[in-house]
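Secondary and tertiary structure notes
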Amino acid sequence: MPPVPQPCHIVRQFNLLGHFVTLFGNQPHELQQRDWDEGRRLLLDAASRIPNRGVKALSTALFNLESTLFHCELTNQLPRRRTPDRADMRAREWARVPTRMAETMQHNLQQIAGTLRPGTVKNAELTLREFALLVASEDAAVSCVAELKRRHVERYRQWLLERPAARGGPLHRHTVRDRLGKLRGFLRRLDEWDAADRPPRQLVFDSDLPIADEPLPRFLDDAAAPKLLATARQDPDPFARLAIEILARTGMRRSEMLGLTVDAVVQIGSAYWLRVPVGKMHTDRYVPLHPQLKTLLDDWLLHRSEGLRSDLLFTDHGRPVNASRIEAAVRKAAERAGLGRVTPLSAYGPVSPVVYGRTSPVVRPLRSLARWPGGGS
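Computed from a prediction, not measured in an experiment: that's the story for all the values here.

1. A word on the pattern of salt bridges
Scanning the model with the defined rule gives 21 salt bridges in all. With its nearest N and O atoms 3.4 Å apart, the salt bridge here joins Glu130 to Arg163. In this pair, Glu130 sits in helix 6 (residues 118-138) while Arg163 sits in the loop between helix 7 (150-162) and helix 8 (173-192), placing the two residues 33 residues apart along the sequence. Residue classification places Arg163 among the partly exposed residues on the basis of a relative accessible area of 23%. Across the salt bridge formed by Arg184 and Asp206, the nearest N and O atoms sit 2.2 Å from each other. With Arg184 in helix 8 and Asp206 in the loop between helix 8 and helix 9 (224-232), this pair connects stretches of sequence that are 22 residues apart. Taking the relative accessible area as the measure of exposure, Arg184 reaches 15% and is therefore buried.

2. Here's the deal with the nonpolar core
Core analysis: the biggest nonpolar cluster contains 32 residues, and Met101, Met105, Leu148, Leu183, Phe186 and Leu187 have the highest contact counts within it. Among the elements of the structure, helix 5 (99-112), helix 6, helix 7 and helix 8 are those that each provide at least two residues to this core. Among the elements that line this core, the one with the most residues is helix 6, at 8 residues. The residues touching Met105, leaving out its near neighbours within four places in the chain, are Trp94, Leu128, Phe131, Ala132 and Phe186.

3. Description of the environment of Asp237
Secondary-structure assignment places Asp237 in the loop between helix 9 and helix 10 (238-250). With relative accessibility at 25%, the residue Asp237 sits in the partly exposed group. Between the C-alpha atoms of Asp237 and Ala329, which are 92 residues apart in sequence, the distance is 8.9 Å.

Conventions adopted
Residues numbered from 1 in each chain as written. Predicted model: local features only at pLDDT ≥ 70, side-chain atom pairs only at ≥ 80, totals over all residues. Heavy atoms only, no water. Salt bridge = Lys/Arg side-chain N within 4 Å of Asp/Glu carboxyl O. Helix = DSSP H or I, 4+ residues; strand = E, 2+ residues; numbered from the N terminus. Buried < 20%, exposed > 50% of the residue type's maximum accessible area, 1.4 Å probe, protein only. Core = buried A, V, L, I, M, F, W, Y, C linked by side-chain atoms within 4.5 Å. Contact = heavy atoms within 4.5 Å.

What follows is the structure, encoded as structure tokens:
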């Protein structure tokens, strides 16, 4: 259950609400979403000009107020955690790239944004931007993509191998392979589209890409799997218990688990199934429910707060649960079980159940616990 707000927090939210009413001269129910956004900006700007006013604390209080207003149905937009926007930094860096080259690359990004996932497009934008910046800084004579030569790709590859990673040490070879692959895809699309601004020949070849490691999957063995589940079942956090059980019993991804809705459990005949929504693989499917998992899901729904304006199964104070909370739950249970480092992905097992999708049966990997006789039941 969510904690009860402290009186000082309630007073502060009421005080901030008074600021909004004063700013726009309307009652709370008369304010539009644009008024809340503009008022938030004005208050934070004013606080930033006053020394020691605690901009971070004010931002947190505004976030709490917006959450309260949403659940009181005074706004229709659930507030989101705002992180520093790097759009200005990206714009400044693109401004250092020759105009025609930047236009060609950004047109390519606009085109692939209609078919690829946002994370893939973001990664492609980073690759093209850093490649263009490297070319612009070392070869001022290049003004467009058509003037790129093989030496520019070789220099970029060497730069990737030499540059440090964010956490220290060199970039992993898989990262280098991914960046070069994104650059190769960009150049190949220009050829396919018969673009005017394209090199006369291909510049990136298969031999440029580092060979990817293909280690055996890191499953939990039959001795470790029941330890993880037994430890997880002792966790006082009901979400941690349920999350690990779901990952172990269904083999679904974290994003798929977080996308489950309150009507995900369905009965087909005499058996219960879990409907996994459309996710990264662009398909939905049904996964058979283990009786113990069904009991945990029923208990979770029983204690779910009433009146939430969300159909998601997993929420925290009315907001979607973050994927990092799943990682923390798995890591905590693994440490208590003495298993060392365990991630949600490392629990995949080789045995797969048949699950039913919209068009045909799909075989998906179960977690290692599903292949362990008895499954800790």
